[in-house]
Amino acid sequence: GMQNVVSYTIAVQNPADNKYSTNPETSARKLLESGAVIGGGEYFEAHNGQAVLKAFINLLRKMQAVDSVFSSSTLPVSVNVRGTFLNQVYMGQFRPDANAKPRWPGNLKQYQIALDVNGNPILADKNKKAVEDKDNGFLLSDVTSFWTTPSTYWAFDPMGNPASSSDAPDGSTVEKGGVAQRMRAQYATAASQSSRNLYTCTGSCSSGTALSSNLFATTNTSITAGLLGAAGTERDDLINWVRGADNRNNEDGNNNPGDVRARIHGDLVHSRPAVVNYNRSPGDRDIVVYYGTNSGVFHAVKGGQDNSDGLEKWGFIFPEHFAGLRRLRENSPEVSTANPKPAFADGPVTVYQLDANSDGKILVANGDKVYLYVGMRRGGRFIYAFDVTDPDTPKYLWKVDNTMTGFSELGQSWSALRPAKIKAVANDPVVIFGGGYDPENEDALPAGANTKGRGIFVVNGRTGTLVKHLLPSGMGSVPADLTVLDRNGDGNSDRIYAADTKGGIWRIDIDDADPDNWSAYKLASIAGSGANERKFLNKPDVVFGSGYDAVLVGSGDREKPFDTSVQNRFYMIKDTNVGLAGGLLCATGDQGRTCTEADLTDVTSAPPEDGVLPADSKG
């Protein structure tokens, strides 16, 4: 089909040049300008080196501002209840701002799995049309996600290919269709915005308190102008703006500050939606999707595939994020090294489910439980837990942050909180997670010594009480998800595998009922300096075997994806202590020693012919 080359041009000339205003020079600049206009790009003039640099940065930002899917897709899996999934794929979306503004549009859309003409599974829209644009790597322009309906809403700013005022088809246009369209209809007027279920937690929130007792609204006097960084009457305007009012930038061009903002839904970048099928009624529509965005709102949205689904049930504003909301409304200052992109509820979301009577339904009356655990990623050094057993009456459960006793090492909460049952806690679930990310030291190049995020936390999943902070000597920060295993199949987790930012691969045995008897072993240490400064930001995978368990993990810095100075590799470490009592056994057979890079067999260019990997390996 049509393949376009978009052209950007920069005219570099000092106005002090005595030829600057001559006809040939003026014509040359006009030629460059017309080339950019006709080429679909943009024209810049630069009078000195600093201006050239600024022009390059600006045009690169504009090239970067394309509709993107970065968050993982999610299926509604009910691990504890039904053990099956429904054909509903929830996909987070965002688009960077073309002018480096801090507020980015985002959306949550739903697709399904269908079969192509050859019987192969494909991602499809509501009409079972394939959605993947195989040439450009995103979504085709003529597909329509679930919940998306025709409209004339975008008459003030037609978008898409071809440009259209309708939400359908939404195609690859982030803010069209999906939950964003639902929210614009749901909160279209000041009256409907005032009834929005938007909650927060000011003052002292006690466990079991209904979130509805603490509204994020102008009537909540605990939300002071000082907490919001607002002045005078700006407090009420800012609160109403967060609730949906178009009272700052006139986004839809009609000069009505009471109607809804065109881009009310913020960017969903790293937060992976958690989907719960409550199954209280037949029809596969008793589904709720929980996820965070960088609009400052953590959302609970009605799942399902009917046109009446996709509506927001409630939202939550974390009080730790109050001070960042004003920057979103002002959409300034621009994103830069000095003023990074603001992050809010941008971290992992995990769920603990208990079906007490195994009837396949989640009902409060039956003693069933659904607990929600929310990390922040770069949004902060804290974690929240909610009781959403009744998704229409959510309750505050607990919070931990780095100021609390036992949690001073907690870094930015990147690692997903893995629910588990262990012998050390008899009647409650626990959540197990890495200590987090240490931005001050890990963002640097080369990285510095970690001062936070080190170790592994085990916390009571119902109360938030610290069970154990595991901090073996030499462990770095642990932002990666953990692999938590029930190796002997008795229903209790007994082993943790972790990887840190200093190139360490760890095994922790937690089968003993006394946490003081838990043991940690550093299976491998494969980092060094320079090209060998490897770090792990992704979790290890483990494959059980009869003679060994294979621990597989790839190194790499997700925060510097274009850096090529480090030689990253994919590793397999054989853990030959397959029982519940661990120990160190390197490839050489030396008991009690941690493997290093020199101990591993490189199979990059010479994989074994019989498919059996020798000893520990790298590639």
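What counts, and at which threshold
Residues numbered from 1 in each chain as written. Predicted model: local features only at pLDDT ≥ 70, side-chain atom pairs only at ≥ 80, totals over all residues. Heavy atoms only, no water. Buried < 20%, exposed > 50% of the residue type's maximum accessible area, 1.4 Å probe, protein only. Helix = DSSP H or I, 4+ residues; strand = E, 2+ residues; numbered from the N terminus. Contact = heavy atoms within 4.5 Å. Phe/Tyr/Trp six-rings, centres within 6.5 Å; stacked < 30°, edge-to-face > 60°. Lys NZ or Arg CZ within 6 Å of the ring centre and 35° of its normal. Pairing = 2+ DSSP bridges. Axes fitted to C-alpha atoms, helices over the stretch in contact; angles between N-to-C directions. Salt bridge = Lys/Arg side-chain N within 4 Å of Asp/Glu carboxyl O. Disulfide = S-S within 2.5 Å. Core = buried A, V, L, I, M, F, W, Y, C linked by side-chain atoms within 4.5 Å. Polar contact = N/O pair within 3.5 Å; in protein donor to acceptor, adjacent residues only side chain to side chain.

Visitor: Go over helix H3 (residues 178-186) with me, naming the residues and quoting the values.
Guide: Here H3 lies mainly inside the structure; seven of its nine residues are buried. Among the residues of H3, those classed as buried are Gly178, Val179, Ala180, Gln181, Arg182, Met183 and Arg184. Along its buried surface, H3 packs onto strand S4 (106-115), strand S10 (287-292), strand S11 (298-302) and strand S12 (312-316).

Visitor: Just give me the short version of the packing of aromatic side chains, but keep the residues and values in it.
Guide: For any two aromatic rings, the description comes down to two numbers: the centre-to-centre distance and the angle of the planes. Applying the stated criterion to the full structure yields 25 aromatic pairs. Measuring from ring centre to ring centre gives 4.0 Å for Trp414 and Tyr437, while their planes differ by 15 degrees; the resulting arrangement is stacked. In this pair, Trp414 sits in the loop between strand S16 (395-401) and strand S17 (418-422) while Tyr437 sits in the loop between strand S18 (425-434) and helix H8 (439-442), placing the two residues 23 residues apart along the sequence. The class for Trp414 is buried, based on a relative accessible area of 7%. Since its relative accessible area comes to 1%, Tyr437 is described here as buried. Members of the aromatic cluster, each reached through a chain of ring pairs, are Phe298, Phe316, Phe318, Phe382, Tyr384, Phe386 and Tyr396. Lying across the ring of Trp241, Arg261 places its NZ or CZ 3.8 Å from the centre.

Visitor: Describe the pairing of S11, with residues and values.
Guide: Of all the five residues making up S11, five are buried; the element is thus mostly covered by neighbouring parts of the structure. Burial of S11 is two-sided: the residues Phe298, Ala300 and Lys302 facing one way and the residues His299 and Val301 facing the other way are all buried. Note: S10 against S11, five bridges, orientation antiparallel. Bridged to Tyr290 within S11 is Ala300. Where S10 folds back on S11, the antiparallel hairpin that results is connected by five residues, among which Gly296 adopts a positive phi of roughly 95 degrees. Note that S11 and S12 share four bridges and pair antiparallel. Within S12, the residue paired with His299 across the bridge is Gly315.

Visitor: Describe the sheet that holds strand S14 (residues 369-374), naming the residues involved and giving the relevant values.
Guide: Across the sheet, which stays open at both edges, the four strands sit in the order S13-S14-S15-S16 with antiparallel pairing between neighbours. Only two strands of the sheet have a single partner each, and these edge strands are strand S13 (349-354) and S16. Averaged over all adjacent pairs, the angle separating strand axes in this sheet is 15 degrees, with direction ignored. Bridge count between strand S15 (residues 382-387) and S16: six bridges; the pairing is antiparallel. Note on S16: the bridge partner recorded for Ala385 is Trp398.

Visitor: Which residues make up unusual backbone geometry, and what values go with them?
Guide: Following Ala168, the chain continues to Pro169 via a peptide bond in cis, the omega torsion being -5 degrees. Checked against the element boundaries, Pro169 lands in the loop between strand S7 (138-139) and H3. One non-glycine residue, Asn279, lies in positive phi territory at about 55 degrees. Position of Asn279 relative to the elements: it lies in the loop between strand S9 (274-277) and S10. Residue classification places Asn279 among the buried positions, given a relative accessible area of 17%. Here the phi dihedral of Arg377 falls at roughly 55 degrees; this positive angle occurs in a residue that is not glycine. Among the structural elements, Arg377 can be located in the loop between S14 and S15. With relative accessibility at 6%, the residue Arg377 sits in the buried group.

Visitor: Just give me the short version of the pattern of salt bridges, but keep the residues and values in it.
Guide: Taken as a whole, this structure holds 42 salt bridges when the rule is applied. Between Lys502 and Glu442 there is a salt bridge, and its shortest N-O distance comes to 3.0 Å. Of this pair, Lys502 sits in the loop between strand S22 (495-499) and strand S23 (504-509) while Glu442 sits in helix H8; the two residues are 60 residues apart in sequence, bridging distant segments of the chain. Of the residues examined, Lys502 reaches a relative accessible area of 27% and is grouped as partly exposed. In this structure, the salt-bridge partner of Asp549 is Arg495, at a minimum N-O distance of 2.8 Å. Within this pair, whereas Asp549 is found in strand S26 (residues 549-554), its partner Arg495 is found in strand S22, the two being separated by 54 residues in sequence. There is no split in this pair, since Asp549 and Arg495 are both buried. One continuous salt-bridge network, built from bridges that share partners, spans Glu442, Lys502, Lys535, Asp557 and Lys560.

Visitor: Requested: an account of helix H6 (residues 234-243), with residues and values cited.
Guide: In terms of burial, H6 is largely enclosed, as seven of its ten residues are buried. When H6 is considered as a whole, its buried residues turn out to be Glu234, Arg235, Leu238, Ile239, Trp241, Val242 and Arg243. Its buried side turned inward, H6 meets helix H4 (190-194), strand S8 (198-199), helix H5 (225-228) and helix H7 (325-330). Once H6 ends, the next one or two residues include Gly244, with phi positive near 130 degrees.

Visitor: Give me the lowdown on the sheet that holds S17, citing residues and values where you can.
Guide: With antiparallel pairing, four strands are arranged side by side in an open sheet as S17-S18-S19-S20. Only two strands of the sheet have a single partner each, and these edge strands are S17 and strand S20 (466-470). For this sheet, the mean inter-axis angle between neighbouring strands, taken without regard to orientation, is 25 degrees. With five bridges joining them, S18 and strand S19 (residues 456-460) adopt antiparallel strand pairing.

Visitor: How would you sum up the state of the cysteines? Please name residues and give values.
Guide: Going through the model one piece at a time under the given rule, you end up with one disulfide. Covalent S-S linkage joins Cys201 and Cys205, the inter-sulfur distance amounting to 1.8 Å.

Visitor: Please give an account of the nonpolar core that cites residues and values.
Guide: In terms of nonpolar packing, the biggest core is built from 25 residues, with Tyr290, Phe298, Trp314, Phe316, Phe318 and Phe386 touching the most fellow members. Going through the elements one at a time, S9, S10, S11, S12, S14 and S15 are the ones with two or more residues in this core.

Visitor: Tell me about the side chain of Arg569, and please be specific about residues and values.
Guide: On the secondary structure map, Arg569 appears in the loop between S26 and strand S27 (570-575). Residue Arg569 is classed as buried on the basis of its relative accessible area, which comes to 15%. There is a polar contact of 3.2 Å between the side chain of Arg569 and the side chain of Gln567.

Visitor: Outline the environment of Arg326, listing residues and values.
Guide: Within the secondary structure, Arg326 sits in helix H7. Through-space distance from the C-alpha of Arg326 to that of Lys19 is 47 Å; in sequence the pair is 307 residues apart.

Visitor: With reference to specific residues and values, describe the environment of Asp486.
Guide: For Asp486, the location among the structural elements is in the loop between strand S21 (483-485) and S22. Among the residues examined, Asp486 registers a relative accessible area of 27% and is labelled partly exposed. Sequence-distant contacts of Asp486, defined by excluding residues within four places in its chain, comprise Gly491, Asn492, Ser493 and Asp494. Within the structure, Asp486 has its side chain in polar contact with the backbone nitrogen of Gly491 (distance 2.8 Å).

Worth remembering: the numbers are spatial, not functional.
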